[in-house]
Amino acid sequence: MELQKWLINGGAEGLSWLQLEDFPDTGRGVKTLRPLKSQEVVLTIPESFLWTADVATNDPVIGTVIRSVEPPLSVDDILAVFLLFIKSCKTGYDGRRAHVELLPTSYTASIFFSDEEIEICSGSSLYHLTQKLKQQIRDDYNQLNNNLFSKHPDLFPLEGFTQDDYIWALCTIWSRGMDFQLPDGQFRCIAPFADMLNHSLDVEVCHTYDPQLKRLQILAGKNYTAGEQVFINYGLVPNNRLLRLYGFILPDNPHDSYDLVLTTQPQAPLYSEKVALLKSISLQVDSIFPLKLNDPLPLNVLRYLRIQRLELLEISTVAVRHGAKDRISSRNEAEILEALRESCENLLSGFGISLEKLEEKVASGVYQRGSNAWAAAHVSIGEQKILKATLQKVKELLALVICANCGKADENNKRCGRCRKVVYCGVVCQKSHYSEHKVLCKASE
Ligand SMILES: C[S@@+](CC[C@H](N)C(=O)[O-])C[C@H]1O[C@@H](n2cnc3c(N)ncnc32)[C@H](O)[C@@H]1O
């Protein structure tokens, strides 16, 4: 095949024992023709073959105009322009054109879902981000068209550089791009042939880029027998991100998360003191906290909120000085937990289809396995499960702060001596609450 020939002639290694093949669940992937030992080098792609922003901006035909665009193009836009340019070429760039010819012609990222399909996950972060992304893409395309395509129709003729073409290029980059953290910053590339490897959590992360040796390598992420599909690990990606960028999900994805966004308005009382306190514990005023099933309420969420809700008299307390790792006051703690409870309840009630209904539909096969609807359902299920776990945790903590009978948050509230799961402000409240509490209290014995 053209692509393989081009790579081998230029010094790529591994292509004699790797072969493209269609697999049932993952679609096209790479199979090994010989056994591979974990950590051995499977594939080496020299740097000159990679699609990078540098290669695009130094291209003899379009490099100058790409560099001249004001404001400068993002890395993704540079790569998108480069991909579309090579796709539009009828001659030259033989190897890159052979690669483009092997790329998928369509994608299943969530921006392509029909209204009916995306509605299945309404209320989820994926739903909101997908709508936002569609608008962002329209804006970015218009800007690119005004600042580049329409100014150089000889290089970027409209047929080949439409909004649909731009979306195709972006999806190619999102689903095939590899990112590496290098000493001088983030490096993003698409590596021909290495981009044919599918994702599995059963292998270790095994793709590396060496800027000194100028090569990208794939190591075996486990032992393989001849004939097996070779995988790489795209990282700890939750389903909402997998579906938005790659167009697939993993059922029971252990890296599922719900991104809780916390911000504090500059008009808030004691704003600058609070920003400084947040900074002292390495938190930003605009922060995103991934909530996970195995950690539905990370300590940093509580620390952020404790600081956000501080009152003047609390600002120099010992607990604040210790980075708000512990409760600052009963008032503060009750306030943040009540706010969290309300947020979780609001978020959960915003989902169009409840967790229970979706689980029932998935179990009874209403959504065909692998379909967009099935994938959307899994994202919603994952996020709702996490938010429910967060809500449960918040309720448990709140029960240790406010009197189970009258709701008072008081420093002197005492735990129920038997179950230690609720607190009371005094004997009167404890007695009058006993008939309601006794079932829970006895159950925890
Ligand atoms: C880097 S490409 C891998 C090669 C791709 N299958 C192809 O035919 O070009 C990433 C894309 O492969 C598919 N893919 C990768 N891993 C997958 C998996 N575990 N399950 C389902 N699809 C997967 C998704 O469509 C994803 O966007």
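Residues numbered from 1 in each chain as written. Predicted model: local features only at pLDDT ≥ 70, side-chain atom pairs only at ≥ 80, totals over all residues.

Taking an unreviewed UniProt entry as the reference, the protein is identified by name as SET domain-containing protein belonging to Gigaspora margarita.

(A) Molecular detail of the domain arrangement of the protein. Domain assignment breaks the protein into domain 1 (2-246), domain 2 (257-398) and domain 3 (403-445). For domain 2 and domain 3, the distance between their C-alpha centroids amounts to 26 Å. (Domains from an automatic or database assignment.)

(B) Spotlight on the packing of helix α1 (residues 2-9) against helix α5 (residues 94-102). Running from N to C, α1 and α5 cross one another at 140°; their axes reach a closest spacing of 8 Å. Considered as vectors, α1 and α5 are oriented oblique to each other. Considering the relative orientation of α1 and α5, their crossing is left-handed. Along its contact with α1, which presents E2, L3 and W6, the element α5 presents D94, G95, A98, H99 and L102. Taken together, the residues of the contact of α1 with α5 sort by class into four nonpolar, two polar and two charged. (Axes fitted to C-alpha atoms, helices over the stretch in contact; angles between N-to-C directions. Helix = DSSP H or I, 4+ residues; strand = E, 2+ residues; numbered from the N terminus. Parallel < 35°, antiparallel > 145°, perpendicular 65-115°, else oblique. Left-handed = near helix turned anticlockwise from the far one by under 90°. Contact = placed C-beta atoms within 7 Å. Nonpolar A, V, L, I, M, F, W, Y, C, P; charged D, E, K, R; others polar.)

(C) Representation of the UniProt feature "domain: MYND-type" (unreviewed entry) in the protein in the model. The residues that UniProt annotates with the feature "domain: MYND-type" (unreviewed entry) are residues 403-441. Between the end C-alpha atoms of residues 403-441 the distance is 15 Å, and the span holds 38% helix and 10% strand. (UniProt positions renumbered as here; feature names shortened; annotations may be inferred.)

(D) Layout of the site of the ligand. Not every one of the 17 residues close to the ligand is listed here, only the nearest: R28, S175, N198, H199 and Y246. Only β2 (27-32), α8 (163-176) and β6 (198-199) provide two or more residues apiece to the shell around the ligand. With three residues, the single largest contributor to the shell around the ligand is β2. Class assignment of the residues belonging to the shell around the ligand gives a composition of five nonpolar, eight polar and four charged. (Near = placed C-beta within 6 Å.)

(E) Spatial organisation of the pairing of strand β5 (residues 185-189). In this structure, strand β4 (residues 178-182) lies alongside β5, joined through five bridges in antiparallel fashion. Within β5, the residue paired with Q181 across the bridge is Q186. Where β4 folds back onto β5 in an antiparallel hairpin, the turn is made up of two residues. (Pairing = 2+ DSSP bridges.)

(F) Focus on the UniProt feature "domain: SET" (unreviewed entry) in the protein. Feature annotation in UniProt places "domain: SET" (unreviewed entry) on residues 16-235, given in this structure's numbering. Between the end C-alpha atoms of residues 16-235 there is a gap of 27 Å, over a span that is 35% helix and 20% strand.

(G) Molecular detail of the sheet that holds β2. In space, the four strands of this open sheet follow the order β1-β2-β9-β6, with mixed pairing throughout. Looking at which strands have only one partner, the edges of the open sheet turn out to be β1 (18-23) and β6.

(H) Here's a closer look at the nonpolar core. I45, A80, V81 and A376 are the most contacted members of the largest nonpolar core, which totals 73 residues. In terms of residue count, helix α4 (residues 75-88) provides more of this core than any other element does, eight residues in total. Both domains that meet at this core, namely domain 1 (2-246) and domain 2 (257-398), each give it at least three residues. Discounting chain neighbours no more than four positions away, the residues touching A376 are F113, E117, I118, I120 and C121. In this structure, L302, I307, L398 and I402 belong to the second largest nonpolar core, which totals 33 residues. (Core = buried A, V, L, I, M, F, W, Y, C linked by C-beta atoms within 7 Å. Buried ≥ 20, exposed ≤ 12 C-beta atoms within 10 Å, placed from the backbone.)

(I) Just the sheet that holds strand β7 (residues 207-210), in detail. One open sheet accounts for three strands, arranged β3-β8-β7; its pairing is antiparallel. In the strand order of this sheet, the two ends are held by β3 (41-46) and β7, each with one partner. Strand after strand, the sheet turns through a mean of 20° between neighbouring axes, direction not considered. Alignment of β3 against strand β8 (residues 215-219), held across five bridges, turns out to be antiparallel. Residue P46 lies in a different strand from β8, and its bridge partner there is R215.

(J) Layout of helix α16 (residues 427-443). By the largest-angle criterion, Y434 marks the main kink of α16, which is about 70°. Buried residues are scarce in α16, accounting for zero of its 17 residues. (Bend = angle between axes of the 7 residues up to and from the residue.)

(K) Focus on the packing of helix α7 (residues 125-147) against helix α9 (residues 239-246). For the pair α7 and α9, the least separation of the axes is 10 Å and the interaxial angle reads 25°. By the angle between their axes, α7 is roughly parallel relative to α9. Considering how the two elements wind past one another, α7 and α9 form a crossing that is right-handed. Taking contact as the criterion, the partners of S125, L126, L129 and T130 in α7 are, on α9, N240, L243 and R244. When grouped by side-chain class, the residues that make up the contact of α7 with α9 number three nonpolar, three polar and one charged.

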